[in-house]
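# Chains, contacts and geometry: an overview
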Amino acid sequence: MARTPLSPATDNNTMAEKSTRDHIVEAADRLFYENGYAYTSFADIADAVQISRGNFYYHFKTKDEILDAVIALRLANTQAMLDQWERAGANPTARIRSFINMLVANQALIMQFGCPVGTLCTELAKLNHGSKEQATLLFALFRGWLRKQFEALGHTADADALATHLLARSQGVATLANAFGDESFVRQEVQQMHAWLDRCQVRKGRRRA
């Protein structure tokens, strides 16, 4: 997962303060993913960053405040990744393939912990947590970006349906990869998603013919 760069600081004290806060958020991000939000304590995060409780509470008073910061970090990192795919992809098809290939690029983590977006959204929904709608914005980012790519491919009427289908299938693959721990399953499903994308292009071409 990409890291969000620190904002420019006006002096060393401010920079150190921001750096400590960023380290807390990044550690919480990792621990929420690996252990779950409910099973991660203040002490776990403080130990991971190796700071005192007093220093920790200076930055965050509640775990919900940390959760909000983690979601904000994930949103920023997701947007940065989508922007990178946009710049690097020669065409909409290549950009969509970047999304599909994310399953392979993160295969080891997904097999061990599941999808970071899906697991967080599921846990917050079960807890009926107030931040569950904010976490869902992570899915909305992917859905909106994929819809834009399918529209660019000429799927004006069904772009959102195709985007939602691909997003849902990728989540299903991540869930089963975590359950089965089968690398060949992930590769097989990724190949099938690429083949499905090829068929989407064929259907588009036939409609224009």
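Here, every reference points to the structure presented above.
Anyway, here's the lowdown on the structure attached to this text. (Residues numbered from 1 in each chain as written. Predicted model: local features only at pLDDT ≥ 70, side-chain atom pairs only at ≥ 80, totals over all residues. Heavy atoms only, no water.)

According to the stated counting rule, one finds nine aromatic pairs in the structure shown. Clustering of aromatic rings is evident, with ring pairs tying together Phe42, Phe56 and Tyr57. (Phe/Tyr/Trp six-rings, centres within 6.5 Å; stacked < 30°, edge-to-face > 60°.)

What the rule picks out here adds up to zero disulfides. Its sulfur unpaired, Cys115 is 8.2 Å from the next cysteine sulfur, which belongs to Cys121. Using a relative accessible area of 14% as the deciding quantity, one classes Cys115 as buried. (Disulfide = S-S within 2.5 Å. Buried < 20%, exposed > 50% of the residue type's maximum accessible area, 1.4 Å probe, protein only.)

Moving on: the packing of helix α4 (residues 63-88) against helix α7 (residues 116-127). Contact geometry of α4 with α7 gives a least axis separation of 12 Å together with a crossing angle of 150°. Relative to α7, α4 is oriented roughly antiparallel. The two elements α4 and α7 meet at a crossing, and its hand is left-handed. Note on element contacts: α7 touches α4 through Pro116, Val117, Leu120 and Leu124, opposite Leu67, Ile71 and Arg74. Looking at side-chain class alone, the contact of α4 with α7 contains six nonpolar, no polar and one charged residues. (Axes fitted to C-alpha atoms, helices over the stretch in contact; angles between N-to-C directions. Helix = DSSP H or I, 4+ residues; strand = E, 2+ residues; numbered from the N terminus. Parallel < 35°, antiparallel > 145°, perpendicular 65-115°, else oblique. Left-handed = near helix turned anticlockwise from the far one by under 90°. Contact = heavy atoms within 4.5 Å. Nonpolar A, V, L, I, M, F, W, Y, C, P; charged D, E, K, R; others polar.)

This paragraph deals with the environment of Asn55. Within the element layout of this structure, Asn55 appears in helix α3 (residues 53-59). Assessed through its relative accessible area of 30%, Asn55 is described here as partly exposed.

So, on to the nonpolar core. Within the largest apolar cluster, 58 residues are counted, with the highest numbers of intra-cluster contacts made by Ile45, Ile66, Phe99, Phe150 and Leu166. Looking at which element gives the most residues to this core, the answer is α4, with nine residues. Those residues in contact with Leu166 that lie beyond four places of it in its chain are Ile96, Phe99, Ile100, Leu146, Phe150, Met193 and Trp196. (Core = buried A, V, L, I, M, F, W, Y, C linked by side-chain atoms within 4.5 Å.)

Among the residues making up helix α2 (residues 42-49), those that are buried are Phe42, Ala43, Ile45, Ala46 and Val49. Down the axis of α2, the buried side of the element spans an arc of 165°, and every buried residue falls inside it. Of the residues one or two after α2, Gln50 is the one with positive phi, at around 60°. (Arc of directions from axis to C-beta.)

Interaxial distance between helix α5 (residues 92-105) and helix α9 (residues 159-180) falls to 10 Å at its minimum, and their mutual angle equals 15°. Between α5 and α9, the interaxial angle falls into the category roughly parallel. When you trace α5 past α9, the crossing you get is right-handed. Packed against α5, whose contacting residues are Ile96, Phe99, Ile100 and Leu103, the element α9 presents Leu166, Leu167, Ser170, Val173 and Ala174 at the interface. Classifying every residue of the contact of α5 with α9 by side-chain character gives eight nonpolar, one polar and no charged.

With that settled, the discussion passes to the side chain of His129. For His129, the position within the fold is in the loop between α7 and α8 (132-152). For His129, a relative accessible area of 13% corresponds to the buried category. Among the polar contacts made by the side chain of His129, one reaches the main-chain amide nitrogen of Ser131 at a distance of 2.9 Å. Those residues in contact with His129, other than ones at most four positions away along the chain, are Tyr37, Asp64, Leu67 and Leu124. (Polar contact = N/O pair within 3.5 Å; in protein donor to acceptor, adjacent residues only side chain to side chain.)

Between its terminal C-alpha atoms α9 stretches 31 Å, which fits the 32 Å expected from 22 residues at 1.5 Å a residue. By the burial criterion, the buried members of α9 are Ala159, Leu162, Ala163, Leu166, Leu167, Ser170, Gln171, Val173, Ala174 and Ala177. Positive backbone phi, approximately 65°, marks Gly181, located one or two places after α9. (Expected span 1.5 Å × (residues − 1).)

Let us now look at the side chain of Gln149. Relative to the assigned elements, Gln149 resides in helix α8. Residue contacts for Gln149: discarding those within four places in its chain leaves Glu86, Pro92, Arg95 and Ile96.

Any functional reading would require information that these geometric values do not contain.
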